[in-house]
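# Summary of structural features
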Amino acid sequence: MTTVRTRIAPSPTGDPHVGTAYIALFNLCFARQHGGEFILRIEDTDQVRSTRESEQQIYDALRWLGIEWSEGPDVGGPHGPYRQSERGPIYQKYNAELVEKGHAFHCFCTTERLDKLRAEQTDRKETPRYDGLCMQLSKDQVQQRLAAGEPNVTRMKMPTEGVCVVPDMLRGEVEIPWDRMDMQVLMKTDGLPTYFLANVVDDHLMGITHVLRGEEWLPSAPKLIKLYEYFGWEQPQLCYMPLLRNPDKSKLSKRKNPTSITFYERMGFLPQAMLNYLGRMGWSMPDEREKFSLDEMIEHFDIQRVSLGGPIFDLEKLSWLNGQWLRELSVEAFAKEVQKWALNPEYLMKIAPHVQGRVETLSQIAPLAGFFFAGALPLEAKLFEHKKLSPEQVRQVMQLILWKLEALRQWQKDQITACIQAVVEHLELKLRDAMPLMFVAISGQASSVSVLDAMEILGPDLTRFRLRQAIELLGGVSKKETKEWEKLLAAIA
Ligand code: GLU
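Residues numbered from 1 in each chain as written. Predicted model: local features only at pLDDT ≥ 70, side-chain atom pairs only at ≥ 80, totals over all residues. Heavy atoms only, no water.

To continue, consider the site of the ligand. By nearness alone, every residue bordering the ligand is listed as Arg7, Ala9, Ser11, Glu43, Tyr195, Asn199, Arg213 and Trp217. Taking Ser11, its side chain carries an N or O atom lying 3.1 Å from a nitrogen atom of the ligand. For the ligand, an oxygen atom lies 2.7 Å from a polar atom in the side chain of Tyr195. Relative to its free-state accessible area of 300 Å², the ligand is covered by the protein chains to the extent of 82%. (Near = heavy atom within 4 Å. Polar contact = N/O pair within 3.5 Å; in protein donor to acceptor, adjacent residues only side chain to side chain. Areas by Shrake-Rupley, 256 points an atom, 1.4 Å probe, with all protein chains shown as cover.)

Strand residues, when the strand is regular, have side chains that alternate between the two faces of the sheet. By the bridge criterion, six bridges tie strand 5 (residues 163-168) to strand 6 (residues 172-177) in an arrangement that is antiparallel. Each bridged residue has a counterpart across the sheet, and for Cys164 the counterpart in strand 6 is Ile176. (Pairing = 2+ DSSP bridges. Helix = DSSP H or I, 4+ residues; strand = E, 2+ residues; numbered from the N terminus.)

Now for the packing of helix 16 (residues 413-426) against helix 17 (residues 431-443). Taken N-terminus to C-terminus, the directions of helix 16 and helix 17 make an angle of 125°; their axes are 9 Å apart at the nearest point. When the axes of helix 16 and helix 17 are compared, the pair comes out oblique. In terms of crossing hand, the pair formed by helix 16 and helix 17 is right-handed. On helix 17, the residues touching Ile420, Gln421 and Val424 of helix 16 are Leu431, Ala434, Met435 and Met438. Looking at the contact of helix 16 with helix 17 residue by residue, the classes come out as six nonpolar, one polar and no charged. (Axes fitted to C-alpha atoms, helices over the stretch in contact; angles between N-to-C directions. Parallel < 35°, antiparallel > 145°, perpendicular 65-115°, else oblique. Left-handed = near helix turned anticlockwise from the far one by under 90°. Contact = heavy atoms within 4.5 Å. Nonpolar A, V, L, I, M, F, W, Y, C, P; charged D, E, K, R; others polar.)

All right, on to the packing of aromatic side chains then. Considering all chains together, one arrives at 18 aromatic pairs under this definition. Taken together, a centroid distance of 5.3 Å and an interplanar angle of 70° make the contact between Tyr94 and Trp233 edge-to-face. Of this pair, Tyr94 sits in helix 3 (residues 88-100) while Trp233 sits in the loop between helix 7 (221-231) and strand 9 (237-241), and the two are 139 residues apart along the sequence. Each member of the pair Tyr94 and Trp233 is classed as buried. An aromatic cluster is built from Phe263, Tyr264, Phe269, Tyr277, Phe313 and Phe465, whose rings are joined through pairwise contacts. The ring of Tyr130 has Arg155 lying over it, and the distance from NZ or CZ to the ring centre is 4.0 Å. Lying over the aromatic face of Trp178, Lys226 brings its terminal NZ or CZ to 5.0 Å of the ring centre. (Phe/Tyr/Trp six-rings, centres within 6.5 Å; stacked < 30°, edge-to-face > 60°. Buried < 20%, exposed > 50% of the residue type's maximum accessible area, 1.4 Å probe, protein only. Lys NZ or Arg CZ within 6 Å of the ring centre and 35° of its normal.)

Attention now goes to the side chain of Arg266. Note that Arg266 resides in helix 8 (residues 261-266). No salt bridge is formed by the buried Arg266. Its closest oppositely charged neighbour is Asp461, at 6.7 Å. At a separation of 3.2 Å, a polar atom in the side chain of Arg266 contacts the main-chain carbonyl oxygen of Leu458. Other than its neighbours up to four places away in sequence, Arg266 contacts Trp341, Tyr347, Ile457, Leu458 and Leu462. (Lys, Arg positive; Asp, Glu negative; His and termini not counted. Salt bridge = Lys/Arg side-chain N within 4 Å of Asp/Glu carboxyl O.)

This paragraph deals with the pattern of salt bridges. Per the counting criterion, the structure on display carries 37 salt bridges. Salt-bridge contacts for Asp74 lead to Arg63; the nearest nitrogen and oxygen are separated by 2.7 Å. Here Arg63 lies in helix 2 (residues 52-65) and Asp74 lies in the loop between helix 2 and helix 3, a separation of eleven residues in the sequence. Owing to a relative accessible area of 30%, Arg63 belongs among the partly exposed residues under this scheme. For Glu484, the salt bridge is made with Lys480, and the minimal N-O distance between the two is 4.0 Å. Remark: Lys480 and Glu484 occur in helix 19 (residues 479-491); sequence separation between them is four residues, near one turn of the helix. The exposure class of Glu484 is partly exposed, given its relative accessible area of 40%.

Right, let's talk about the pairing of strand 3 (residues 104-107) for a bit. Of the two faces of strand 3, both are covered, the one formed by Ala104 and His106 as well as the one formed by Phe105 and Cys107. The sheet contact formed by strand 3 and strand 4 (residues 153-156) spans four bridges and is antiparallel. Residue pairing for strand 4: Phe105 is matched across the bridge by Arg155.

For the rest of this paragraph, the subject is the nonpolar core. Nonpolar side chains in soluble globular proteins tend to be buried together. Core analysis: the biggest nonpolar cluster contains 107 residues, and Phe26, Met241, Ile303, Phe313 and Phe372 have the highest contact counts within it. Residues within four places of Phe372 in sequence aside, it is in contact with Tyr347, Ile351, Val449, Ala454, Ile457 and Leu458. If you look at the next biggest cluster of nonpolar residues, it comprises 47 residues, including Ala104, Cys109, Val174 and Ile176. (Core = buried A, V, L, I, M, F, W, Y, C linked by side-chain atoms within 4.5 Å.)

In this model helix 18 (residues 451-473) runs just 20 Å from its N-terminal to its C-terminal C-alpha over 23 residues, more than 12% under the 33 Å that 1.5 Å per residue would give. Counting buried residues along helix 18, 18 of its 23 residues qualify, which places the element largely inside the surrounding structure. Two residues or fewer past helix 18, Gly475 is found with a positive phi of approximately 115°. (Expected span 1.5 Å × (residues − 1).)

Okay, unusual backbone geometry next. Geometrically, the link from Gly80 to Pro81 is a cis peptide bond, its omega value of -5° lying close to zero. Among the structural elements, Pro81 can be located in the loop between helix 2 and helix 3. Of note, the phi angle at Lys249 is positive, near 80°, even though the residue is not glycine. Positioned with a positive phi, Glu288 is a non-glycine residue whose angle comes to about 65°. Structurally, Glu288 can be placed in the loop between helix 9 (271-279) and helix 10 (294-299). Take Glu288: its relative accessible area is 49%, and that puts it in the partly exposed class.

Structure representation (C-alpha cells):
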C-alpha cells in the first residue's frame, strides 16, 4: 500500500495567513491519521511578489502553532528541492514533453493582441478566452519564430465540449463544463511555470497522494485533471476545503478580520487554542466537544466530518476558547506564558530605551508604556478632535496611512515615517498635523513615548489593528469614500 502523503504549498507573498494554517492543519491530521507524511513546499514562482522574509514567516508561524513537516525547503528530504524557484529545469523538461506530445503549444501572441481580443469578447458579453490562433502554426513556423528568439508562452490545449468530472472527497462528483476553461498558460515568457504546471509536476514527483486545498481552487480543477491525463500520471485524491469566512459570511479578508497568524501571537492567543479553533472550522469531534488538542484531533480525525457550510472565523469565539485554555493552565504555566508573551527580556529591551529617560520611578512605566502590553485599546473619540482637520479629513488621513502601512514590507521606523510623510505631503498637510492622531490611535494617549518607535516595536499587526480600530470608532469608511480614497492612494508616490 502506498503511504499517504499530503502537503501544504504556500506562496510566500505576504503575511502568514490563518487560511494557510487551517489547510495545513487538516493536511497534517489527514496524513498522521493514516500514518503518513505531511510535507511543505514553497510555491514561489511569482518572482515579483515572493520574498524570503515571507517564507521565513510562514515557517515561524506554522511552528509557533505546533505544525511540523517532515520534508521542506528548510528541513530537506528525498524529493527536493522543495522551493519551486529552484526547480526550473524540471518544469522545462515536462513542459517540453507536453509540447512534444501535442498537448501544449507555443503562443507568440503579444499582450496588445490579447488585450484587444479580451476587449472584443467582453464587448460581445463572452467569457474572455484565448482564441487558439497560435495553434494553427506549422511546426516549421514555430521553429523559425523560436529560433528568432521571439518571446512566447506555452499554453495547454483544452477540450471545448462536454464536462469534466471532478471527484471531490467531500462533494462527490462535481461537474464543470470544459468550455469554461481557457487554454491555460503553463510556461510564461520569463521561462517560469505557472501554478498549474508547477503544482501538478511537483505533487506527482513528490509522491503526494491526497491534496486538501481551499475551495477557491475548485473551479480550476479541470485544468489540473487534464494535465495529469496528458502526462499519464495517476491523480491524487482531491479534497476542496470550505473557505473561512468573516462573521458577515464574506470570504475572510484582512479588511474585516486580522488574517495574519502573527497578529494572534501578538495579541496573546495560545497556539494550542488557535489550532483548536482552526480545527473547529467546519469540523467537529465525534463527541462535539469544543476544546481539544492537536493529538486528540489526529486521534479522532475523519475527513468526512468536514461540513461544507462556510465556517465563520469569529474573533469573539476564538477569544472565548482561548480563555478556556488559559484558565486550565496551572498558575505557574500561566505566569510562564505571560512572560513568554511580552515580559521577556528581548521585548523589554526594545521598550526600555524609550521609557528610561521619561520616568522618575519604575512604577511610572505602567501608565506610560502600558500600551505595549495591550491588544485593543480603550479609545475615546474626543481625543481625535483636531484643530485644523475636519472629522472627515481625520478619518481620511488615518485610512490612507493605514493602507500605505498595509503595503509596507519592511517594518522599520524610517519606512514607517516615509509612509506617513508621503500621505501628508499628498494631502498638502504637515507631519505635525498627522502625528497627534497617530499618537492617540497607537498609544491611546495624547502624549507618550515616540510614536514612530512605538509603531516599530509594536509591529505591523498591532499597529494596523489599532489604526483600524480608531477609524472604526470614528465612524469607519463608507463605500463611496473607499472608492474615492483609493484613487488618492494610487496617486501617492
Ligand atoms: N500555492 C497555492 C496557494 O498558495 C497552492 C494551492 C494548492 O494547494 O494547490 O494557495
